[in-house]
There are 2 protein chains.
Amino acid sequence: MNPQEPTTFYAVNAFTGEPLPIAFPVHGEQEVNQAASAAQNVAREFRQLSNAKRASLLCSIASELEVKSEEIVARAHLETALPEARLSGEIGRTASQLRLFAEVVSSGNHHQAIFDTPNPDRQPLPKPDIRRQQIAIGPVAVFGASNFPLAFSTAGGDTASALAAGCPVIVKGHTAHPGTSQLVAECIEAALEKECLPQAIFTLLQGNKRALGQALVTHPKIKGVGFTGSVGGGRALFNLAQQRPEPIPFYGELGAINPTFILPSAIRANASLAEEFVASMTLGCGQFCTKPGVVFVLNSPETQAFIEIAQGLIRQQSTATLLTQGIRETYESEVDKRASETGINVTRSEQAEVTNVAPALFVTDSKNWRKNPQWEEEIFGPQSLIVICEDFDDMLKLSDSLTGSLTATLHATAEDEEQAKQLLPSLEEIAGRLVFNGWPTGVEVGYAMVHGGPYPASTNSASTSVGAEAIHRWLRPVAYQALPESLLPDSLKASNPLGIQRAIDGSVSQ
Amino acid sequence: MNPQEPTTFYAVNAFTGEPLPIAFPVHGEQEVNQAASAAQNVAREFRQLSNAKRASLLCSIASELEVKSEEIVARAHLETALPEARLSGEIGRTASQLRLFAEVVSSGNHHQAIFDTPNPDRQPLPKPDIRRQQIAIGPVAVFGASNFPLAFSTAGGDTASALAAGCPVIVKGHTAHPGTSQLVAECIEAALEKECLPQAIFTLLQGNKRALGQALVTHPKIKGVGFTGSVGGGRALFNLAQQRPEPIPFYGELGAINPTFILPSAIRANASLAEEFVASMTLGCGQFCTKPGVVFVLNSPETQAFIEIAQGLIRQQSTATLLTQGIRETYESEVDKRASETGINVTRSEQAEVTNVAPALFVTDSKNWRKNPQWEEEIFGPQSLIVICEDFDDMLKLSDSLTGSLTATLHATAEDEEQAKQLLPSLEEIAGRLVFNGWPTGVEVGYAMVHGGPYPASTNSASTSVGAEAIHRWLRPVAYQALPESLLPDSLKASNPLGIQRAIDGSVSQ
């Protein structure tokens, strides 16, 4: 590190822009080396730990978070300007996410045990005994997100799923909420101590220099990366991860406009559709990765009414405090730029305060949408764009031309079923999750959730960063050929001491 | 294409180095554009085709291969110098691989259907109905391998698994066997016709210019790549795939030295161990990706005897015709270079013919091994290296320092069980498959096989390129939230018309 550079940095009060007390260290290459070496030293012990013990660690972290909830919420509120009720809810979500992964790892089914029964008499060659399971990949780096200081940060889904898999974790805390990260890290440290596990299983690194993230992603002892953030930052780190002598998996959730398609019958059937739309696009001040950023409608009288109600609601919206000054500046300049472009109309909230931003709703038609591919880029914050299609064929064609998103939403009734059936295949091809007659904001943490999708929604569309399946990002398969019972891992022993599901010769037995 | 460049190329007789009759077109960017656009045009139809129909296509391809077996074997023999019996066996393996994927896709379990049961009464928010399945990613490029002109080429494992998943396939035939590729492609074309499916589902492109592979990997309509080949060539294409505006999964199986560890009791217990070793390292003229390229032994009298027997067998080996002149030249120059280095001893086959190569066995000790990291690089062809470790601790330390391999092998008896237990965790961490008291050559095609491993064995260690699980490389998950039965895909309908396995709220039901 350059000796002239500051060795500490401060959190910023998101409401006032003033620094908050308590300085945080600016970590760099040296701390990455230490943390990665320490993580590597405990990686084998941690991956071989019993599933029950890892489940217990996850539950302990959840409990510690709940105990410290008040302090964490208060600090996160100052650092992010997110409402306390929302942050309390996020503590709950983070804890229940940890407990879901405890359940997943307790079941042992994440090993995905598969057996091929041997046949010594097979001609021309005997069929060997082959059994396969999944094992942890090694130390993992996790990048905290700005918009979910708890659920997608220090003890968020990436960390929970990686610890469940048996990977030590090094978190790079987001600069927007270092105090929150610190408090959450203390919960994890306390849980490790309670469970008599080495502290090196988890390390929080902080700092406001790009070199920290770069050093983490390129460190030879780091074997995988979980990232939630912008397309620009995420892509730069993805590139580094792929250019390493040993490329590693980089699970980045980068950006999405989450297209929504509204067929006329749905507007007629749901009087509060416009209200629901405005509520979804302004939820969390429009800082959700699942915000409906573009809405395709058909040119019809119902649509006109829908747009007018939405515009009316936008005018009445309160202004919003965004997570950071940087996010506010980007939002304002991008909204102003878009508003100044040709063929697009903007409605903004009429209430304005200096440090806050005004929610904005754009309206255009499909002709202008096609001429302006830059409108497909996500603007983080409380804005959205309605695109009026000439007719259903026009809408269908547009649906086929969109880039990847986390979600795609369809509003329709039985009346429009034929059109819905024509749209669905396009929506499957561009998104990780299809939502029917609902809104994409609000990501359920369960077994079936997919929070991912074609690039740039995810750098790896075969994965999800939310839900039980997220554990598979940190596992890789190993086959064992002809090993005696005494040398096989428990998950593959004939006696099945873990009592797990196994697939034998192509079918699952319990 | 530069107008001065030849528009055709010839196959080479692997025995004589002379061109074989019949010219093949040199395809380039234009043919890639045509094939990728055509593939994209049929991609949706093909992914939505019933599983039964796709299974039927795979079985038809297998039958066509068997019908044309004699002609294919004769041509492949000329192009590769591989024995006809081996090639006939490879036809059988290729056909049974296609039939395994027919079985996999018929079961419908590759959709990996997962359900979360809704709960409208949950507080504070209702729990939505979420169901998840896997769908095909779109058109896929497959690169044929030199060393398996059938099982890892035009209709090999990558093509079979991609077609099973529902992805159209464009194969870049290997320049070493264009006639074989052409004959196999005709079988696939005939099968498509028999099944009344569009020809655009499969295209073979040929040519001896690098630009062809580069154009394929960078084409925006290509959504994934399967590759088997060298570290250099594979890594260059991997880099291109990751640098695209939309990065795509690149499943490359690049290189491995397949370390083998022999404990003294195993030498005492198996009088033919040295013979088995020499047979494995020279199988297919040492051109198997699973060849045991380095053998770690302990300094003991048994070991000395083992080495002497192996050296004796090497001296008596026939010389071997390698696949291509390029492979022969590389083999010879690398073996000569290694033989000239300090601290290493070489034994070669005494029979030499001008166009053939002599099998070679190197011996060194762990001290020299540590000083020469270049010896960890794979040399393609009939050679291997025995490393004598000072004692078991020395062997254990070395096992922890190795780079990724497809396989790791351990020879031991119950007598050495404690040492075996100490070695296994290292072996799990460096390989995709552990072999006990056997040899890594010979990769069973089944449900549990893992043919992959940490880089450079694979560019994606979470996957396998052989066995039923290989289908997952060409699928990605999609979640469906609150879709009515009429709009859900069959794999997720409550009525389960496909009769497939589903995991409901965390446990599998049939």
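Residues numbered from 1 in each chain as written. Chains lettered and ligands numbered in written order. Predicted model: local features only at pLDDT ≥ 70, side-chain atom pairs only at ≥ 80, totals over all residues. Heavy atoms only, no water.

To continue, consider the overall build of chain A. Per the secondary structure count, chain A includes 15 helices and 19 strands. Expected size for 510 residues packed as a compact globule is a radius of gyration near 24 Å; at 25 Å, chain A falls within 12% of this value. Projected onto its principal axes, the C-alpha coordinates of chain A cover approximately 75 × 65 × 40 Å. A buried classification covers 62% of the 510 residues belonging to chain A. A total accessible area of about 18200 Å² is found for chain A, and carbon and sulfur atoms account for 52% of it. Each charge sign in chain A was given a centre, from 38 positive and 54 negative side chains, and these centres are 7 Å apart. (Helix = DSSP H or I, 4+ residues; strand = E, 2+ residues; numbered from the N terminus. Rg over C-alpha atoms; globule rule 2.2 N^0.38 Å. Buried < 20%, exposed > 50% of the residue type's maximum accessible area, 1.4 Å probe, protein only. Areas by Shrake-Rupley, 256 points an atom, 1.4 Å probe, with all protein chains shown as cover. Lys, Arg positive; Asp, Glu negative; His and termini not counted. Charge placed at Lys NZ, Arg CZ, Asp CG, Glu CD.)

Throughout the structure, instances matching the rule amount to 48 salt bridges over all chains. Several salt bridges converge on common partners, so that one network encompasses Arg44(A), Arg47(A), Asp400(B), Glu428(B) and Glu429(B). (Salt bridge = Lys/Arg side-chain N within 4 Å of Asp/Glu carboxyl O.)

Residues and elements named next belong to chain B. Overall, parallel pairing links the five strands, which are arranged S7-S6-S5-S8-S9 in an open sheet. What marks the edges here is a single partner per strand, and that holds for strand S7 (202-205) and strand S9 (250-253). Strand-to-strand twist across the sheet, computed as the mean angle between neighbouring axes with direction ignored, equals 15°. Relative to strand S8 (residues 224-228), strand S5 (residues 140-143) runs parallel, the two sharing four bridges. (Pairing = 2+ DSSP bridges. Axes fitted to C-alpha atoms, helices over the stretch in contact; angles between N-to-C directions.)

With the rule as written, the count across this model stands at 22 aromatic pairs over all chains. Looking at Arg54(B), its charged tip hangs above the ring of Phe46(B), at a distance of 5.8 Å from the centre. (Phe/Tyr/Trp six-rings, centres within 6.5 Å; stacked < 30°, edge-to-face > 60°. Lys NZ or Arg CZ within 6 Å of the ring centre and 35° of its normal.)

As a further point, take unusual backbone geometry. Note on backbone geometry: most residues besides glycine have negative phi, and most peptide bonds are trans. Cis rather than trans, the peptide bond between Tyr455(A) and Pro456(A) has omega equal to 5°. Position of Pro456(A) relative to the elements: it lies in the loop between strand S16 (431-436) and strand S17 (475-481). Pro124(B) follows Gln123(B) through a cis peptide bond whose omega is 0°. Within the element layout of this structure, Pro124(B) appears in the loop between strand S3 (113-116) and strand S4 (130-136). Its identity is not glycine, yet Asn437(B) carries a phi of approximately 50°, on the positive side. Within the fold, Asn437(B) resides in the loop between strand S16 (431-436) and strand S17 (475-481). Of the residues examined, Asn437(B) reaches a relative accessible area of 39% and is grouped as partly exposed.

Moving on to helix H15 (residues 417-430) of chain A. Residue and element names in this part refer to chain A. Along its 14 residues, H15 runs 20 Å from first to last C-alpha, staying within 8% of the 20 Å computed at 1.5 Å per residue. The largest bend along H15 reaches roughly 30° and is located at Leu423, with the proline Pro425 sitting one to four residues downstream. Within H15 the residues assigned to the buried category are Ala420, Leu423, Leu424, Pro425, Ser426, Leu427, Glu428 and Ile430. (Expected span 1.5 Å × (residues − 1). Bend = angle between axes of the 7 residues up to and from the residue.)

How big an interface is tends to be reported as the loss of accessible area on association of its parts. Residue-level contacts link 71 residues of chain B with 71 residues of chain A. In this structure, the connection of chain B to chain A is made through twelve salt bridges. Scanning the region where chain B abuts chain A turns up 44 residue pairs in polar contact (both at pLDDT 80 or more). Considering each element in turn, the side of chain B that touches chain A owes the most residues, nine residues, to helix H15 (residues 417-430) of chain B. Class assignment of the residues belonging to the side of chain B that touches chain A gives a composition of 33 nonpolar, 18 polar and 20 charged. Sheet topology places S17(A) next to S16(B); three bridges connect them, and they run parallel. (Contact = heavy atoms within 4.5 Å. Polar contact = N/O pair within 3.5 Å; in protein donor to acceptor, adjacent residues only side chain to side chain. Nonpolar A, V, L, I, M, F, W, Y, C, P; charged D, E, K, R; others polar.)

This part is about the sheet that holds strand S9 (residues 250-253) of chain A. All names here are of chain A. One open sheet holds the five strands; their spatial order is S7-S6-S5-S8-S9, and the pairing between them is parallel. Pairing within the sheet leaves two strands with one partner each, and these edge strands are strand S7 (202-205) and S9. Across the sheet, the mean angle from the axis of one strand to that of its neighbour is 15°, orientation sign disregarded. With four bridges joining them, strand S6 (residues 169-172) and S7 adopt parallel strand pairing. The residue of S7 that forms the bridge with Ile170 is Thr203. Helix-sheet contacts for helix H5 (residues 157-165) involve strand S5 (140-143), S6, S7 and strand S8 (224-228), and the interaxial angle to S6 is about 170°.

Let's shift gears to the relation of the copies chain B and chain A. Mapping chain B onto chain A calls for a rotation angle of 180° and an axial translation of 0.0 Å; the resulting RMSD is 0.0 Å. Viewed as a symmetry operation, the transformation between the two copies matches a two-fold axis. When each C-alpha of chain B is compared by its distance to the rotation axis, Gln242(B) comes out closest, at 3.5 Å. A high fraction, 100%, of the interface residues of chain B reappear at the interface in chain A, so the copies pair face to face through one surface. (Least-squares fit on C-alpha atoms with pLDDT ≥ 70 in both.)

Now for the packing of helix H3 (residues 69-80) of chain B against helix H6 (residues 178-194) of chain B. Residue and element names in this part refer to chain B. Across the interface, H3 lies against H6 with an axial gap of 8 Å and an inter-helix angle of 160°. When the interaxial angle is binned, H3 and H6 end up roughly antiparallel. In terms of crossing hand, the pair formed by H3 and H6 is left-handed. Contacts from Glu71, Ile72, Arg75, Ala76 and Glu79 of H3 reach H6 at Pro178, Gly179, Thr180, Leu183, Val184 and Cys187. Residues belonging to the contact of H3 with H6 are distributed by class as follows: six nonpolar, two polar and three charged. (Parallel < 35°, antiparallel > 145°, perpendicular 65-115°, else oblique. Left-handed = near helix turned anticlockwise from the far one by under 90°.)

The predicted model of chain A has a mean per-residue pLDDT of 96, with 98% of residues at 70 or higher. Per the prediction output, this complex has pTM 0.97; the corresponding ipTM is 0.97. (pLDDT = per-residue confidence, 0-100.)

Residues and elements named next belong to chain A. Helix length check: helix H12 (residues 325-339), at 15 residues, gives a terminal C-alpha distance of 21 Å against a target of 21 Å (1.5 Å per residue), a fit within 8%. Residues of H12 that are buried include every one of Ile327, Arg328, Tyr331, Val335 and Arg338, and no others. The arc enclosing the buried residues of H12, seen along the axis, measures out at 110°, which places them on a common side. In this fold, the buried residues of H12 make contact with strand S12 (344-348), strand S13 (360-365) and strand S14 (383-389). (Arc of directions from axis to C-beta.)

Our next topic: the side chain of Arg338(A). Residues and elements named next belong to chain A. On the secondary structure map, Arg338 appears in helix H12. Lacking a salt bridge, the buried Arg338 has Glu341 as its closest oppositely charged neighbour, with an N-O distance of 4.9 Å. Here the side chain of Arg338 touches Gln374 through a polar contact of 3.4 Å, landing on its backbone oxygen.

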